[in-house]
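Inside the fold
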Amino acid sequence: MLPYPEIDPVAIALGPLKIHWYGLAYLTGIAAGWWLAMRRSSHPWSPVQRDQVDDLTFYVALGVVLGGRVGYTFLYGGERLVEDPMWALRLWEGGMSFHGGFLGVLFAMYLFGRRHNIAFWKLMDFVAPFVPIGLGLGRLGNFIGQELWGRATDVPWAMVFPADPLQLARHPSQLYQFALEGVLLFTVLIWFSSRPRPTCAVSGVFSLLYGCVRFFSEFFREPDAHLGFQAFGWMTRGQMLCIPMIITGIVLLWVAYGRQQSTAATEKGK
């Protein structure tokens, strides 16, 4: 086994004020996304102008935080929400859902697009490549905070998390997700979006690839204790939520390239 590198989940403590690594991960992800958006906004095909990036970042951050928390509360909170409704407001106790955050960003981009008169899918194509930064850093925050650990295993790189009451050797699944949802997804999307693509294509690649890598990584992640396996005796809640994303990604790519071929055929026939 590999020893778990115990790191205090509290990065900065100023009296009663405690700033966790998980929170810093989100802030760093938002800052990095802002920097990349500023650079990308200079491209002639960018739907977002440089002076709109600050406003866009605010909308994205709001969508991520509110959507992520509300999504986790209703998708994973279950009995805890019924027993303690105020728990939903205690963000410092952890608990964010990507799928909820994803829906939050969709709604935020709809509002931003209406305000600035930017087509929704062009805006989503612009934002999608920056999302994996926050996803990857968030998984590192999960690892440091000893949450969302993996299933029991005997692989040589297994770890025993000190906070695990069962003290089992487990997959460091947070690091798997960091590599897949963060590094891999970011690399593919940055490359794919580095030149003009049909509208919806970048969003389609994001939705399809994220759904696939998250579905795969869930095989190594311990299901939430209060949820367990949800379908067929092996499928988790996270995997179930990935299926609509995979289907959506396929549909978006079909629409994007189907429209492009139709346009090319029409121009050729003129």
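Look up a bit, the structure's there.
What comes next is a walk through the structure. (Residues numbered from 1 in each chain as written. Predicted model: local features only at pLDDT ≥ 70, side-chain atom pairs only at ≥ 80, totals over all residues. Heavy atoms only, no water.)

Description of the pairing of strand β2 (residues 17–20)
Bridging between strand β1 (residues 10–14) and β2 involves four bridges; their strand directions are antiparallel. Across the sheet, Ile-12 pairs through a bridge with Ile-19, a residue of β2. Linking β1 to β2, which pair antiparallel, is a turn of two residues; within it Gly-15 sits at a positive phi near 65°. (Pairing = 2+ DSSP bridges. Helix = DSSP H or I, 4+ residues; strand = E, 2+ residues; numbered from the N terminus.)

Overview of the nonpolar core
Note that soluble globular proteins tend to have their nonpolar side chains buried in a common cluster. Formed by 37 residues in total, the largest nonpolar core has its most connected members in Leu-56, Met-109 and Phe-206. Among the elements of the structure, α1 (21–40), α2 (53–75), α4 (98–116), α5 (120–127), α6 (131–144), α7 (173–192), α8 (201–217) and α9 (237–269) are those that each provide at least two residues to this core. If one sorts the elements of this core by residue count, α4 sits on top with seven residues. Residue contacts for Met-109: discarding those within four places in its chain leaves Leu-56, Tyr-59, Val-60, Phe-120, Leu-123, Met-124 and Val-127. With five residues, the next largest nonpolar core counts Phe-143, Trp-149, Met-159 and Phe-161 among its residues. (Core = buried A, V, L, I, M, F, W, Y, C linked by side-chain atoms within 4.5 Å. Buried < 20%, exposed > 50% of the residue type's maximum accessible area, 1.4 Å probe, protein only. Contact = heavy atoms within 4.5 Å.)

Considering the state of the cysteines
By the definition in use, this model includes zero disulfides. Looking at the unpaired Cys-212, the closest cysteine sulfur is the one in Cys-242, lying at 8.7 Å. By relative accessible area, Cys-212 is classed as partly exposed at 37%. In this structure Cys-242 comes out as buried when scored by relative accessible area, which is 0%. (Disulfide = S-S within 2.5 Å.)

Side note on the side chain of Ser-207
Inspection of the secondary structure puts Ser-207 in helix α8. Given a relative accessible area of 3%, Ser-207 falls into the buried group. For Ser-207, the contacting residues outside a window of four places in its chain are Met-245, Ile-246, Thr-248 and Gly-249.

Focus on α8
The first and last C-alpha atoms of α8 sit 24 Å apart over 17 residues, in line with the 24 Å expected at 1.5 Å per residue. The buried fraction of α8 amounts to 13 of the 17 residues, a majority that puts the element mostly inside the structure. (Expected span 1.5 Å × (residues − 1).)

Side note on the pattern of salt bridges
Close approach of charged atoms allows side chains with opposite charge to pair. Evaluated as defined, the whole model comprises six salt bridges. Of the charged contacts in the structure, one is a salt bridge between Arg-170 and Asp-164, with a shortest N-O distance of 2.7 Å. A relative accessible area of 4% means that Arg-170 is categorised as buried. Its relative accessible area of 2% is what places Asp-164 among the buried residues. Across the pair Arg-170 and Glu-222 runs a salt bridge, and its minimum N-O distance is 3.4 Å. Of the two residues, Arg-170 is situated in strand β4 (residues 169–170) and Glu-222 in the loop between α8 and α9; the sequence distance between them amounts to 52 residues. A single salt-bridge network, built from bridges that share partners, covers Asp-164, Arg-170 and Glu-222. (Salt bridge = Lys/Arg side-chain N within 4 Å of Asp/Glu carboxyl O.)

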